[in-house]
Amino acid sequence: MHSFFDVIREGNRYLKVWPKQSALNGLFIDSKVAFYTRLAIKISPAFIALSLGLTLTFPTLFDPIVSVTFALFLLGLPIQGFYWLGKRSQQLLPQQLLPWFMAIKKRLSVKNSAEKGSIHHPSYLELATLLQQAFKLGGDDFLQHHELI
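What you see is a predicted model; the values in this text were computed from it and never measured.

About the criteria used
Residues numbered from 1 in each chain as written. Predicted model: local features only at pLDDT ≥ 70, side-chain atom pairs only at ≥ 80, totals over all residues. Heavy atoms only, no water. Core = buried A, V, L, I, M, F, W, Y, C linked by side-chain atoms within 4.5 Å. Buried < 20%, exposed > 50% of the residue type's maximum accessible area, 1.4 Å probe, protein only. Helix = DSSP H or I, 4+ residues; strand = E, 2+ residues; numbered from the N terminus. Contact = heavy atoms within 4.5 Å. Phe/Tyr/Trp six-rings, centres within 6.5 Å; stacked < 30°, edge-to-face > 60°.

**Brief notes about the nonpolar core**
Taken as a class, soluble globular proteins show a tendency for nonpolar side chains to be buried jointly. Counting residues in each nonpolar core, the largest one holds 26 residues, and the members touching the most others are W18, F28, L127 and L131. Those elements that place two or more of their residues in this core are helix 1 (4–17), helix 2 (29–57), helix 3 (64–90), helix 4 (98–111) and helix 5 (124–138). Per-element tally for this core: the top contributor is helix 5, with eight residues. Residues within four places of L131 in sequence aside, it is in contact with W18, P19, L24, F28, W100 and I104.

**A word on the packing of aromatic side chains**
In total, this model carries six aromatic pairs according to the counting rule given. Both rings, one in W18 and one in F28, keep their centres 5.4 Å apart while their planes meet at 80°; by these two values the pair is edge-to-face. One end of the pair, W18, is in the loop between helix 1 and helix 2; the other, F28, is in the loop between helix 1 and helix 2, and 10 residues separate them in sequence. Each of the two residues, W18 as well as F28, counts as buried. With 5.1 Å between their ring centres and 70° between their planes, F35 and Y36 make a pair best called edge-to-face.

Everything listed here is a matter of geometry and, on its own, says nothing about what the molecule does.
What follows is the structure, given as structure tokens:
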């Protein structure tokens, strides 16, 4: 069993590995969670600073307790994304995705002879790594050209 911080660390790793491809948006919820986690990482600091800045500037108009609560809520958004992604990265692929995973792995092994290992029960992290390699080698529309969708 992994600790909370291990899951968060694994989620950050999974976020970095998951490909930013629009072709995956309709296939995996992971793409949407990764997008919104990246967005929360980018915009949360600005809203936190704005909230706390307005509270310090206009203390009679903005309640400090509400501003601090709002700031903590905004800090929690990326953490929730990392936690979800960390849990997801450790899950094994469902049986329905295994043939698709193996087909992509087979196509890549033809192009890249260094990738020869076989994985019997791959996880979502291994799928993300495989998809990242596939998009690097095959371009942005790798899945459409090889008709694996």
